[in-house]
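# Survey of secondary and tertiary structure
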Amino acid sequence: MTVTDSRTLADRIEDLLPQTQCTKCGYPACRPYAEAVAHGEANYNQCPPGGAEGIARLAALLGKPVIPLNSANGVERPRPLAVIDEQVCIGCTLCMQACPVDAIVGAPKQMHTVIAELCTGCDLCVPPCPVDCIAMPPVTGEATGWDAWSQSQADAARERHNRREARLAREREAAEARAAARRAVSSAPAQVMETGAAATPAAPAADSAEARKRAIIQAALERARQKKEELAAKGQGPQNTERVSADVQAQIDAAEARRRRLGLAADNTAGNSGGNTAGNTEFPPTKR
Ligand code: SF4
Ligand code: SF4
Ligand code: SF4
């Protein structure tokens, strides 16, 4: 009996990548890099987290020689872990939006925390932080590349990244559907509005699902509000939310505008509802 491997070359290349989703290869995630290598559009020495061992694995699969890591993509290094200085954090959520594996928890204007076991050390949360309160200390001693990362960690990171991507796609679709429904309602014939027969959108099932979603989000926001009050009572809340500089506020406003354009913050109750935090929803981070 002949056993055929139905996986593509890109699939097999992706299986060998560390899945930190760090973009250091020059692609938005591991999968696009795998596809680029499979199609001959990228070299197989562009992944610093995989390091020399990763290149050797790819070289063996591709039947090519082992070559050095391309220094333009970075260096092989001990794996770092993101650590947030919670006393400086202003709770803007920008790091959470940047994390490719949902390893950060927090809510608007609350301190944010990294779940150490989920952090891939990708560095992507560092640049967006407007107050520079995220450090990336190395946590693997002298070990680098695959010596500092396991296959089970890579598999878990891949799964979390895929789940996140699917959630973001669902949110974009839902935002588009809401916008289409609003357009449809606003362009409904005037006589229908006069009778009152179609004063509500024509999709009760969708409305019901939306109502349930809003109720869940509302409950999550209430939990987040209570937690914030508890932390504030202990003096542990974010310290700087009322003293944000104009520059920082501009960065936050710009990021929020981008989220709105992407349909990820369409209104006050429908944001990253499937995310990993109670308050991972649209927020107005401006000072109130
Ligand atoms: S781990 Fe980073 S550099 Fe390596 S393939 Fe994935 S995204 Fe690219
Ligand atoms: S917490 Fe920061 S470093 Fe860790 S995976 Fe998320 S974005 Fe990357
Ligand atoms: S200030 Fe914003 S980006 Fe920085 S750690 Fe806090 S929530 Fe994340």
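Each remark here, short or long, concerns the structure printed above.
Rules used in this analysis
Residues numbered from 1 in each chain as written. Chains lettered and ligands numbered in written order. Predicted model: local features only at pLDDT ≥ 70, side-chain atom pairs only at ≥ 80, totals over all residues. Helix = DSSP H or I, 4+ residues; strand = E, 2+ residues; numbered from the N terminus. Buried ≥ 20, exposed ≤ 12 C-beta atoms within 10 Å, placed from the backbone. Contact = placed C-beta atoms within 7 Å. Near = placed C-beta within 6 Å. Nonpolar A, V, L, I, M, F, W, Y, C, P; charged D, E, K, R; others polar. Core = buried A, V, L, I, M, F, W, Y, C linked by C-beta atoms within 7 Å. Expected span 1.5 Å × (residues − 1).

## Remarks on the overall build of the protein chain
- What the protein chain contains, in helices and strands, is eight helices and four strands.
- The order of helices and strands in the protein chain, counted from the N terminus, is α-α-α-β-α-β-β-β-α-α-α-α.
- Within the protein chain, the fraction of its 288 residues that count as buried is 34%.
- Long-range contacts, defined here as pairs at least 24 residues apart, represent 69% of the contacts in the protein chain between residues at least 6 apart.

## Observations concerning the site of ligand 2
- If you check the shell around ligand 2, you find 14 residues, and the closest are Ala82, Cys99, Cys119, Cys122 and Cys125.
- Here the residues of the shell around ligand 2 are counted per class, giving 11 nonpolar, two polar and one charged.

## Focus: unusual backbone geometry
- Located in the positive-phi region is Lys109, a residue other than glycine, with phi close to 60°.
- Within the fold, Lys109 resides in the loop between β2 (104–105) and β3 (113–114).
- A count of 22 C-beta atoms within 10 Å places Lys109 in the buried class.

## A closer look at the nonpolar core
- With 28 residues, the main nonpolar core has Cys95, Cys99, Ala103, Ile104, Cys125, Cys129 and Ile134 as its most contacted residues.
- Element by element, the count of residues in this core is highest for helix α4 (residues 94–98), at three residues.
- Beyond its immediate stretch of four places on either side in the chain, Ile134 contacts Ala82, Ile84, Cys95, Cys125, Val126 and Cys129.
- Formed by 14 residues, the second largest nonpolar core is a distinct cluster that contains Ile13, Cys25, Tyr44 and Leu58.

## Focus: helix α5 (residues 151–186)
- When the terminal C-alpha atoms of α5 are compared, their 52 Å separation across 36 residues agrees well with the 52 Å that a helix rising 1.5 Å per residue should span.
- Within the sequence span of α5, burial applies to Ala154, Ala157, Arg158, Arg160, His161 and Glu171.

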